[in-house]
Amino acid sequence: MASNLKRLQDRAAALAAQMSGLVNNTDRTDEQNAELRKLAVEADAVKKDLDFEEKIAAKEAELRAVVEKAAPAPAPAAAPAPEAKKTEIRALLPHHTQLRAFNGGPEDVETAYRMGRWLRAHIFKNAEDMRWCKDHGVENRALGENSQSSGGALVPEEFAARVIRLVENYGTFAASNVEKVTMTRDTMIIPKRVGGTTAYFVGEGTAVSESEPTYANVQLIAKKLAVGTRMSSEVVEDALVSLADAVALEFSTSLAYKTDLCGWVGDGTSTYGGIQGVVSKINDGTHTASVQVADSGHTGFETLTVTDFIRLIGKMPLYARQGAEWYISPAGFAASMARLRYAAGGNTVETVGGGVNETFLGFKVNLVHVMDTTLGADAGKVKVLFANLGLSSIYARRRDFSVRMYDQVYATTDQLLLQGTMRFDIVHHSLGDNVTPGPVTALKTAAS
């Protein structure tokens, strides 16, 4: 009975939300009016069923109190159901635009709706929304007085997971085969093998020379990355699903872009949280064995040849070759790899019309927007990476995602400020040296 009552309450909430979206639309079409009438009929039926279930629940409580005269009977404990915190509000949730951060499927729309209710409860302290979040298992620690007084909030777990998934989808560095680590504290030390044991020839009766493997430490220090977005109170009040979608998209896109900048081209300054990207680090003069300089005169994407790329593959150690992939900007790919493929001959109308799939010389090509995009002569610049990032680099997360809300910063314009933060670090620990190439190799244009 309790589950049936909860199901009806969820259905009523969903109907009310969609009816609100249609009622507020002053330019309704005939189809929307017909839908509104249909919803009104269904709402009457749900209201009738709700009244009945509530009366039955009240009568049941009275009977238990009579039977157990010593004290009112406690409510029976409900058996834990699978995914008990999941609600049944997936149908008919109001959103009038194409979702971008969420896929648009029933579960995704539900997640967006739950996040929208949480935002509205947190921002407006609306009693109905607070009760709804508590009843439906949405993270409600942010709804307590202590958290509210400090202006902070922990974002619901499912929304945090969605933002992080989007970061990994939008961000080429987080989406790569880089080693991913969860940090259990602000600073973390990971041992790294530097050298192994040595084998020696020995004569009969001669003692074996001993050797030991050597190790170094890779230090990870969590850095906080923050992003803020401003929105009007009207948006928060009117469009729950669209609100959650917009916040998730804005936060995840910004975080992914900054993560890419740090992982690929960061110069180690405060702009990048002290993180040095792989392109910058491999070209710092201490990893020259991993850098292939193109032939003389090959000073840009348009003048690179197949021979330059094959020599770069040749630099890659055999232990790292399986799992190695290309990393290049879209403009660079079109001006070099795609150009060389079409120039190779043997193309037909069908193959040219079929477009360019992103592979080159038998290895997958990853397009990285933040890498070098300069066309024309650009001497002495790292243009392409051929890398097995799983052996060279670590992407470590200390805390995935949390949100703070500030309602006074833009009070005069009736706007709210939401700030999202995550803590992470990126370290490229194995790029070779000036004698031995590592699992990342780089193609650099000629000096002239």
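In what follows, the structure referred to is the one given above.
Throughout this document, residue positions are counted from 1 along each chain, in the order its sequence is written. At least 70 in pLDDT is required for a residue's local features to be given in this predicted model, at least 80 for side-chain atom pairs to be given and counted, and no such filter applies to totals for whole chains, interfaces and linings, which use all residues. Values shown for side chains rest on all heavy atoms present in the structure; no hydrogens or waters enter the calculation.

(A) Highlighting the overall build of the chain. Helix and strand counts for the chain stand at 15 helices and 13 strands. Residue burial in the chain is summarised as follows: out of 448 residues, 41% are buried. Should any heavy atoms of two residues lie within 4.5 Å, those residues are counted as being in contact. Taking the intrachain contacts of the chain between residues at least 6 apart in sequence as the baseline, contacts between residues at least 24 apart amount to 73%. Using a 1.4 Å probe, the Shrake-Rupley method yields the accessible areas, and only the shown protein chains count as cover for residues. Roughly 23600 Å² of accessible area belongs to the chain as shown, and the carbon and sulfur atoms make up 53% of that amount. A helix here means a DSSP run of H or I that spans at least four residues, while a strand means a run of E at least two residues long, and both kinds are numbered starting from the N terminus. When a residue's accessible area, from a 1.4 Å probe over protein chains only, is under 20% of the maximum for its type it is buried; when over 50% it is exposed; and in between it is partly exposed.

(B) Structural view of the packing of aromatic side chains. Side-chain rings of Phe, Tyr and Trp, where Trp is taken by its six-membered ring, are said to pair if the distance between their centres is within 6.5 Å; with planes under 30 degrees apart they count as stacked, over 60 as edge-to-face, and otherwise as tilted. Throughout the structure, instances matching the rule amount to nine aromatic pairs. Look at Trp326 and Phe386: their rings are 4.6 Å apart centre to centre, the planes differ by 40°, and that puts the pair in the tilted class. Here the residue Trp326 occupies a position in strand S7 (residues 325-328), and Phe386 occupies one in strand S10 (residues 382-387), the gap between them amounting to 60 residues. In this scheme, Lys NZ or Arg CZ marks a charge over a ring once it lies within 6 Å of the ring centre and within 35 degrees of the ring normal. Between Lys258 and the ring centre of Tyr272, over which it is positioned, the NZ or CZ distance is 5.5 Å.

(C) Examining the nonpolar core more closely. Residues Trp264, Tyr327, Leu385, Tyr395, Phe424 and Val440 are the most contacted members of the largest nonpolar core, which totals 33 residues. Only helix H7 (172-175), strand S5 (223-232), helix H9 (240-265), helix H10 (278-282), S10, strand S12 (415-428) and strand S13 (440-444) provide two or more residues apiece to this core. Ranked by the residues each element gives to this core, the list is headed by H9, at six residues. In this structure Phe424 touches Ile221, Ala222, Lys223, Leu225, Thr259, Cys262, Ile275, Tyr395, Ala396, Arg397 and Arg398, once residues within four positions along its chain are discounted. What we call a nonpolar core is a set of buried Ala, Val, Leu, Ile, Met, Phe, Trp, Tyr and Cys residues that are connected through their side-chain atoms within 4.5 Å.

(D) Focus on the pairing of S10. The buried fraction of S10 amounts to six of the six residues, a majority that puts the element mostly inside the structure. Two strands pair if DSSP finds at least two bridges between them. For S10 and S13, the ladder comprises five bridges, and the chain directions are antiparallel. Residue pairing across strands places Val384 opposite Leu443, the latter belonging to S13.

(E) View of the sheet that holds S7. Read across the open sheet, the six strands follow the order S6-S13-S10-S7-S9-S8; overall the sheet is mixed. The sheet is open, and its two borders are formed by strand S6 (291-293) and strand S8 (359-360), each paired with just one other strand. The strands that helix H11 (residues 306-315) touches are S6, S7, S8, strand S9 (363-367), S10 and S13; relative to S13, the one it contacts most, it runs at about 155°. Working convention: axes come from line fits to C-alpha atoms, limited for helices to the stretch in contact. Angles between N-to-C directions cover 0 to 180 degrees. The strands that helix H13 (residues 330-343) touches are S7, S8, S9 and S10; relative to S7, the one it contacts most, it runs at about 125°.

(F) Representation of the environment of Ile328 in the model. Residue position: Ile328 is located in strand S7. A relative accessible area of 0% places Ile328 in the buried class. Sequence separation between Ile328 and Val370 is 42 residues; the distance between their C-alpha atoms is 9.1 Å. Apart from residues lying up to four places away in sequence, Ile328 is in contact with Phe301, Phe333, Ser336, Met337, Val365, Asn366, Leu367, Val368, Met371, Lys383 and Val384.

(G) Inspection of unusual backbone geometry at higher detail. Phi at Leu361 takes a positive value of approximately 55°, unusual for a residue other than glycine. Relative to the helices and strands, Leu361 is located in the loop between S8 and S9. Classification of Leu361 by relative accessible area gives partly exposed; the value is 37%.

(H) Molecular detail of the pairing of S9. Pairing of S7 with S9, which is carried by three bridges, proceeds in the parallel orientation. If you follow Ile328 over to S9, its bridge partner there is Leu367. Pairing of S8 with S9 involves two bridges; the strand directions are antiparallel. Looking at S9, one finds that Thr359 is bridged to Lys364. Count of turn residues in the S8/S9 antiparallel hairpin: two residues, of which Leu361 carries a positive phi of about 55°.

(I) The arrangement of the side chain of Ser336 in detail. With respect to the helices and strands, the residue Ser336 is situated in helix H13. Apart from residues lying up to four places away in sequence, Ser336 is in contact with Phe301, Leu304, Phe309 and Ile328.

(J) Fine view of the environment of Leu389. Structurally, the position occupied by Leu389 is in helix H15 (residues 389-392). Owing to a relative accessible area of 0%, Leu389 belongs among the buried residues under this scheme. With near-sequence residues (within four places) excluded, Leu389 lies in contact with Ser176, Asn177, Val178, Glu179, Trp264, Tyr327 and Val440.

(K) Here's a closer look at H11. Of the residues making up H11, those classed as buried are Asp308, Phe309, Leu312 and Ile313. In an axial view of H11, the angular spread of the buried residues amounts to 140°, which keeps them on one side of the axis. Of all possible arcs, the one meant is that of the directions from the helix axis to the C-beta atoms.

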